[in-house]
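In case you want the letters, here they are:
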Amino acid sequence: MSDSPSSARVVFLGGLGRSGTTLLERLLGEVPGIAPLGEVAHLWSRGVLANEDCGCEEPFGTCPFWREVGARAFGGWSPELAGRVIALGRRVDRTRHIPALAQLMADGRTGTPCWPSRRTAALGEYAAAHRRLYDAAGEVAGCPVVVDSSKHASLAFCLAAAGVDVHVVHVVRDPRAVAHSWHRRVVRPENGSPMTRWSPARTSVHWLAQNLGIELLARGGVPVTRVRYEDLVQAPADTLGHLTARIGLPARLDFLTGGEALLSRAHTVAGNPVRFTVGPIGLVPDEAWRASAPALHRRLVTALTWPLMIKYGYRGRLV
């Protein structure tokens, strides 16, 4: 493994799945200087071990981009490496560990009663593997900024607690729309298998946990910029212009035309089917939930999530 100084700036897209993170990543990937990587949290299992397709539609193991990234970062990909990182993640990258990770960040030291020294060592090794991957990907892509759309607040905490300089983009969407999306039957494009489905109640709990986790991350001093899915699709140029300014890159958005974006091939791992889209894509709000989601589901989600709904600008009425 390389121990060269870190170079790539890391932008981490956080929030609950089905909130527009893949779309936002694809749009950011068209901005010069930004390399989208997909959901790095799943790279080890779905890419290295399962050899699923990259966003370029080549299997991960034969994709020239990822082969070069693996060679630079680790001397090549291997099942042993993937297994090790997955095992480390199971020890430290869990939502239940967020309070202890927040305490580590607050204390500014590598060991507290709530975080044993062995687990602290696992955290350092886990974050270092991600740091090497980010830097190698930035070098191969020739970009100073890489985007990880893993979404999990716990991974963002692991990176920040281990000292990785990360800018978190907090992606939120109306929880009723998110719950409707998680309840639908969606097929994974890689292998045709059904994607995970959740009940509205379970989605509400996860929506709260992920968003509250990122709120806690911001209180710990990590730079966080919030982006609402609805703003992204209704005013993409304004939303992306503000975000790229926060990242520190010029807003060159010539790939946007009216309500469309022109997408090129991207080397992204995991994520929803949008990661395979090439060519024009319409940027229109997905409001199907308003007509399709049962009223009982909408009321339940509203009742469970209304404090954060209001904070994020969504109507908290039981509709």
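Higher on the page you've got the structure.
The text that follows walks through the structure, step by step, so that each part is easy to find. (Residues numbered from 1 in each chain as written. Predicted model: local features only at pLDDT ≥ 70, side-chain atom pairs only at ≥ 80, totals over all residues. Heavy atoms only, no water.)

This brings us to the layout of surface pockets. Over the atoms rolls a probe the size of a water molecule, and its path tells where empty space is left. The calculated volume of the largest pocket comes to roughly 1000 Å³. Considering the residues around the largest pocket, the lining is formed by 36 residues, among which E39, H42, R46, S150 and H152 are closest to the centre. Those elements that place two or more of their residues in the lining of the largest pocket are α1 (21-28), α2 (43-49), α4 (79-92), β3 (145-151) and α9 (200-219). Among the elements that line the lining of the largest pocket, the one with the most residues is α4, at four residues. Volume-wise, the second largest pocket comes out at about 390 Å³. Around the second largest pocket sit 19 residues that line it, and R173, Y229, N272, V274 and D286 are the ones nearest its centre. (1 Å grid on protein atoms, 1.4 Å probe; cavity = no way out; pocket = protein on both sides within 12 Å on 5 of 7 lines; lining within 4 Å. Points joined across faces, edges and corners; volume = space filled by probe spheres on them. Helix = DSSP H or I, 4+ residues; strand = E, 2+ residues; numbered from the N terminus.)

Turning our eyes to something else, we now look at helix α5 (residues 98-107). Turning to α5, its buried residues are I98, A100, L101, A102, L104 and M105. Turning to α5, the residues buried within the fold contact α4, α6 (117-141), α7 (153-161) and α9. (Buried < 20%, exposed > 50% of the residue type's maximum accessible area, 1.4 Å probe, protein only. Contact = heavy atoms within 4.5 Å.)

Relative orientation and spacing of two packed helices are given, respectively, by the angle between their axes and the distance between those axes. Packing of α9 against helix α13 (residues 295-311) brings their axes to within 9 Å, and their N-to-C directions diverge by 10°. Comparing their axes, α13 and α9 come out roughly parallel. Within the contact between the two elements, α9 uses P200, A201, S204, W207, L208, N211, L212 and E215 and α13 uses H297, L300, V301, L304, T305, L308, M309 and K311. Each residue belonging to the contact of α9 with α13 can be placed in one class, and the counts come to ten nonpolar, four polar and two charged. (Axes fitted to C-alpha atoms, helices over the stretch in contact; angles between N-to-C directions. Parallel < 35°, antiparallel > 145°, perpendicular 65-115°, else oblique. Nonpolar A, V, L, I, M, F, W, Y, C, P; charged D, E, K, R; others polar.)

So, about the environment of L88. Within the secondary structure layout, L88 lies in helix α4. A relative accessible area of 2% places L88 in the buried class. C-alpha separation for the pair L88 and A121, spaced 33 residues apart in sequence, amounts to 9.7 Å. Excluding residues within four positions of it along the chain, L88 makes contact with D93, A122, E125 and Y126.

Considering all chains together, one arrives at twelve salt bridges under this definition. R72 is the partner of E139 in a salt bridge, and the nearest nitrogen-oxygen pair spans 3.4 Å. Separated by 67 residues along the polypeptide, E139 in helix α6 and R72 in helix α3 (residues 64-74) bring together distant segments of the chain. A relative accessible area of 38% places E139 in the partly exposed class. A salt bridge links D135 to R131, with the nearest nitrogen and oxygen atoms 2.6 Å apart. Taken together, the positions of D135 and R131, both in helix α6 and four residues apart, correspond to about one turn of that helix. Summarising the burial analysis for this pair, D135 and R131 share the class buried. One connected set of salt bridges, linked through shared partners, spans E68, R72 and E139. (Salt bridge = Lys/Arg side-chain N within 4 Å of Asp/Glu carboxyl O.)

Remark on secondary structure: sheet strands pair via backbone hydrogen bonds, oriented parallel or antiparallel. Ordered by their spatial adjacency, three strands build an open sheet running β6-β7-β8, and the pairing between neighbours is antiparallel. Looking at strand neighbours, the two that pair on one side only are β6 (256-257) and β8 (279-282), the edges of this open sheet. As paired strands, strand β7 (residues 260-263) and β8 are joined by four bridges and run antiparallel to one another. Its bridge partner being in β8, L262 is matched across the sheet by P280. (Pairing = 2+ DSSP bridges.)

Spatial ordering of the open sheet is given by β2-β3-β1-β4-β5, a layout of five strands whose pairing is parallel. Two strands lie at the open edges of the sheet, namely β2 (34-36) and β5 (224-228), each paired on one side alone. On average, each strand axis in the sheet is inclined to that of its neighbour by 25°, with strand direction left out of account.

That is the geometry; function is a separate question.
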